[in-house]
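# Structural description and commentary
Now for the letters of each chain:
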Amino acid sequence: MVSVLDKKLLRDMVRLWAQALAIALVMASGVSTLILAVGAYRSLEETRSAYYERYRFADVFATAKRAPEFVERQILEISGVAAAETRIQEFALLDIEGMEQPATGLAMSLPDHREQRLNRIYLREGRLPEPGRVDEVTINEAFAVAHSFKLGAKFHAILNGYKRPLTVVGIALSPEFIYAIGPGDLIPDDRRFADLWMSEKAMAAMFDLDGAFNSISLKLLRGAREAEVIKQLDDVLERYGGTGAYGRKDQQSHAFLDAELNQLKSMAQVIPPIFLLVSAFLINITLTRLIALEREQIGLLKALGYRRFTIATHYMKLIVCIAFVGILIGAVAGTWLGQGLTRLYADFFHFPFLIFQRGMDIYAIAASISIATALAGGMRSIYTALTLPPAVAMSPPLPTHYAHLGIEKLQVVKHLSQLTIMAIRHIIRWPVRSGLTILGIAMSGALLITALFSLDSIEFMIDTIYFQADRQDATLNFTQERPVKVLQEVEHLPGVLAVEPYRAVAVRLRHGHYHRKLAITGKPPGADLSRILDRENRPVELPQSGLLMSERVAKLLHVTRGDMVDVEILDDSRGQGSLDATSIGTRRSTRRLPVAGIIQSYLGLAVYMDLRALNEMLDEAPVVSGVHMAIDDSQTDKLFAAIKGLPAVSAIALQGASLAKFHETLATNLTIMTTVYVVLSVIIAFGVVYNSARIQLSERVREFASLRVLGFTKAEVSHVLLLELAMLVIAAIPLAWIIGYGFAWATVQGFESDLYSLPFIIKTDTYAISALVVLGAAMTSALIVRRRIDRLDMIKALKTRE
Amino acid sequence: MAARKTKSKSKAKPDIMFKVEGLTKVYHTGELDIHALSGVDLTLYEGELAVLLGPSGSGKSTLLNILGGLDVASGGHAWFRKDEITQLGERELTRYRRDHVGFVFQFYNLIPSLSARENVALVTEISKYPMKPEEALGLVGLDHRLDHFPAQLSGGEQQRVAIARAIAKRPEVLLCDEPTGALDSKTGVHVLKALTSVNEELGTTTAVITHNMAIADIAHRVFHFGDGKITKTYTNKRRVAPDKVQW
């Protein structure tokens, strides 16, 4: 048997459906973003850790020039090391039929007669290359898909100077390359970057590394101290041209995935609370009004002998019903969107399988948080209603007290119509409510700015990187350092308009107890293709001595201009390939250099110095690691053909292709993201404005009816309500800009990692768009409420007692 | 305009302000049709103070609402001077209320966020020949409460502000629905005084609804309502001054 109060509840819900739905939608947005972000986060995290676990992803990574096999045993003796896997890895240019540009591949050896111990590949199709076969290769799935390569497909690779035909015998994935990015690229381009797994014996022969390795991965024991292992590993590898070991956090694929997961986590921490707070506020104002209208009924129920608890439960049930609708919509939407997002990630990141983590706990948490905030929002009004003695509750409330604004004497105010004064006084009479309404609307705009500003920042970043700093058309990386005369050779390639050398040297910078492994890039004086920009994005000249470093590096090392840093050279080419006794036991050389300036760089950890000074510091004849080129677009086919035949080139980066891929990926991802955020913002703005308007209308129906009786037109009467809403919305917009600015700033800080940092740019357009969306949503909801004013029953309104 | 009216009052036969013929009003509420007015004929003259008496549901309020342009009739005709108000559309009715009619209700319906003066100014701002808000409030004896908000005024004072607001635009007709209904007799007398003085000084045609027989004595003419019809009409031989009325 349904109690009478429950029947009342049901009818109240039906009567209040529009407002209840508006609140429920705001709540649903909170619930769905929470489920979406946490769900996607957990799914990815779970997928990643299962993948790592099953395929034994390593903990520590290092490369060397050439380390003999026995070194592996030495390394296994380092305390804390559980397992080691050695291999040969080298970059190779790829020549693919039908693709004019050369692609870049990372060739890695697979053990011939045993299982991989670490970083096991997941074979999707086919098999591993036969031991000793120099013409067989297993490739990564993404590359295969990008080129529609099936088993048996053929392409060419330039391996240690020899162009070799390769046949695809297997298609695989690896936990090392969940996020696979080619040298010089900003984001993955599966067409232009490949993982190639080949027989160890074959690679040893090709690269003259018989009985030696140049790459090692370690699995650590539980509780092992990574920093200690890295230090000892570096000590062991030092004499074999080790370039500095690093842990997972510096492993590219892992780091990118981590950055993405962190973003999801911060999304789960920031966005849902906004929605839940706004919905709590909406419940508060709606319920306050409802209870004000039901004052007499509450008094009557009490007079009839209903207990306070029963009455309180009645209103709490109403809140819980609204919350339930919100949770239901939110849970469905969140699950659906979460799976979509996880799939989107899975396209971008390469996993062999996906684990959808859909723990009931997150639904339970989302539901209880929503119900709790909703109840908290309604509690005060319930309490007020319950504490009124029945007799007081049943008598009509006194007219609301208003006060003079204290500014009526002002000339400006004298010109305001009484209708305008009504609107202003009403706002001021309820400062908390007006303030919260403004804040709620502002949140909607702020959310939009937070979403849209990243477009501005990225656009700015693209412009800076591609058009201000790295203006070259292509960059060639050499397999190893080359004498400067290589520049002349490159210059004579067809279509090359200008060349500019660079040299990258792996170092560890130290300042006090802060240190960082990174690369110093040496550039020639007057470099014009690849330029260095100062913090105001103006090109700067390299000083003859000292380092220029990006803000990020300066921050990591706690240095400012003028400080001295120790430069420990890891990448010492003097030791390169030398196994003779003389090199054994040499200490790594360290130099002390001043920080000559702080510069702008959005990618990686950038440190620059003069090329000549760098070579001098290393006591070497001038050598270069690669060349930036400006090329003639009409001759790219000839140029690429020539490059494909160059043995010295290990990789090529193409600015144009990289930029195009960047735009393509951004376009997809940002369109989705922007749409989602616009929808969310509209829901907030609409929810807040609609509820405020409905409540105002309910409170002031007599006023509006009086005005109509006095001969004011519908338009004039609506004017009072719309003017008041307009004032609130207009006050909310600058606040939205300020909060949005803050959110955007926080986002930029959150984005900052060793991999990249975002410039903090918000364009005027973004402010304008956010204001327009808020205005649009507000106007739509206000107009819906306006229709109610038009249908106002004057007589009924005026003859009923408030 | 006011001057013209005062002059016309001295004529032997005053002009007709309202003429009503066979007016009917049916409310359709679900299964039941309620005949609020079933054929009312009536004439009100310029400058007249009429009292409409009758139990609730007898149709007096419905008639007043139709005359005031707040409601539309189901059948019959009603004229305001030469204009047939039963033919006017929504927009014209708003115009008509704005230009010609003043209303006073049982619940004062003041705007709580506006002071007494501003409540009156609300109307004077949209009228063609308004009096000053202070003048209107003076007429109802409230010149000392100009800047008080409704919440700071007594019920009788609030009702007098409502009257001041109704007359500030110098309407030709003043329609009052139970103006003293929520007031005690002492306060009610103040309100009645205000009404009669407006009627006398401005010559505003005034119709007052009440179910209080005693109040009928202040009128020129009295109309009795019952079951949606006028059952009795009579002219007061001798009008009683408002402060002599008791209930």
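Residues numbered from 1 in each chain as written. Chains lettered and ligands numbered in written order. Predicted model: local features only at pLDDT ≥ 70, side-chain atom pairs only at ≥ 80, totals over all residues.

## A few points about the overall build of chain B
Broken down by element type, chain B carries 7 helices and 10 strands. Projecting the C-alpha coordinates of chain B onto the three principal axes gives extents of approximately 50 × 45 × 40 Å. Burial statistics for chain B: of 247 residues in total, 51% are counted as buried. Contacts spanning at least 24 positions in sequence make up 71% of the contacts within chain B whose residues lie at least 6 apart. (Helix = DSSP H or I, 4+ residues; strand = E, 2+ residues; numbered from the N terminus. Buried ≥ 20, exposed ≤ 12 C-beta atoms within 10 Å, placed from the backbone. Contact = placed C-beta atoms within 7 Å.)

## Points about the overall build of chain A
For chain A, the count of helices and strands is 23 helices and 22 strands. In terms of overall dimensions, chain A has a C-alpha envelope of 105 × 65 × 55 Å along the principal axes. Within the span of chain A, comprising 802 residues, buried residues form 47% of the whole. Look at the contacts in chain A between residues 6 or more apart in sequence, and 86% of them connect residues 24 or more apart.

## Considering the domain arrangement of chain A
Its domain assignment divides chain A into domain 1 (56-255), domain 2 (406-471 + 664-802) and domain 3 (496-631). Computed over C-alpha atoms only, the centres of domain 1 of chain A and domain 3 of chain A are separated by 26 Å. (Domains from an automatic or database assignment.)

## With respect to the sheet that holds strand S2 (residues 32-45) of chain B
In a beta sheet, neighbouring strands pair by backbone hydrogen bonds and run either parallel or antiparallel. Residues and elements named next belong to chain B. If you trace the 4 strands from one edge of the open sheet to the other, you get S2-S1-S4-S5, paired in antiparallel fashion. One side of each edge strand has no neighbouring strand; the edge strands of this open sheet are S2 and strand S5 (83-84). Bridge count between strand S1 (residues 16-29) and S2: 11 bridges; the pairing is antiparallel. Within the sheet, the bridge partner assigned to Thr29 lies in S2 and is Leu32. Set on the sheet, helix H2 (residues 60-67) makes contact with S1, S2 and strand S4 (75-80); between it and S1 the angle comes to about 120°. (Pairing = 2+ DSSP bridges. Axes fitted to C-alpha atoms, helices over the stretch in contact; angles between N-to-C directions.)

## A few points about the interface of chain B and chain A
Counting residues at the interface gives 23 residues for chain B and 24 residues for chain A. When residues of the side of chain B that touches chain A are traced back to their parent elements, those giving at least two are helix H3 (90-100) and helix H4 (116-124) of chain B. The element that contributes the greatest number of residues to the side of chain B that touches chain A is H4(B), accounting for 4 residues. The residue inventory of the side of chain B that touches chain A, partitioned by class, reads 14 nonpolar, 4 polar and 5 charged. (Nonpolar A, V, L, I, M, F, W, Y, C, P; charged D, E, K, R; others polar.)

## Details of the packing of helix H9 (residues 308-348) of chain A against helix H10 (residues 360-387) of chain A
Residues and elements named next belong to chain A. Relative to each other, H9 and H10 sit at 145°, their axes nearing to 9 Å. In terms of crossing hand, the pair formed by H9 and H10 is right-handed. The class makeup of the residues in the contact of H9 with H10 is 18 nonpolar, 4 polar and 1 charged. (Left-handed = near helix turned anticlockwise from the far one by under 90°.)

## Side note on the confidence of the model for chain B
Of the residues in chain B, 95% reach a pLDDT of 70 or more, and the chain-wide mean stands at 87. Our summary of model confidence lists the complex with pTM equal to 0.79 and ipTM equal to 0.77. (pLDDT = per-residue confidence, 0-100.)

## Overview of the pairing of S1(B)
Residues and elements named next belong to chain B. The turn joining S1 and S2, which pair antiparallel and follow one another in sequence, is formed by 2 residues; a positive phi near 65° is taken by Gly30. When S1 meets S4, the two strands line up antiparallel, connected through 5 bridges. Within the sheet, the bridge partner assigned to Lys19 lies in S4 and is Trp79.

## What to know about unusual backbone geometry
Generally, phi is negative for residues other than glycine and the peptide bonds are trans, each holding for most cases. Even without glycine at this site, Asn537(A) takes up a positive phi of about 65°. With respect to the helices and strands, Asn537(A) occurs in the loop between strand S15 (532-534) and strand S16 (539-540). Even without being glycine, Arg170(B) reaches a positive phi, approximately 55°.

## Quick look at the sheet that holds strand S11 (residues 246-247) of chain A
Residues and elements named next belong to chain A. The antiparallel open sheet is built from 4 strands, whose spatial order is S2-S10-S1-S11. The outermost strands of the open sheet, each flanked by one partner alone, are strand S2 (81-87) and S11. Alignment of strand S1 (residues 60-68) against S11, held across 2 bridges, turns out to be antiparallel. By the bridge assignment, Phe61 is partnered in S11 with Tyr246. Contacts from helix H6 (residues 226-238) reach S1, S2, strand S10 (212-220) and S11 within the one sheet, and its direction differs from that of S1 by about 10°.

## A word on the pairing of strand S9 (residues 221-226) of chain B
Taken residue by residue, a regular strand's side chains alternate between the two faces of the sheet. Residues and elements named next belong to chain B. The sheet contact formed by strand S3 (residues 49-53) and S9 spans 4 bridges and is parallel. Looking at the pairing, Leu52 lines up with Phe223 of S9. As paired elements, S9 and strand S10 (residues 229-235) share 6 bridges and run antiparallel to each other. Looking at S10, one finds that Phe225 is bridged to Ile230. Between S9 and the antiparallel strand that follows it, S10, lie 2 residues; Asp227 among them carries a positive phi value of about 50°.

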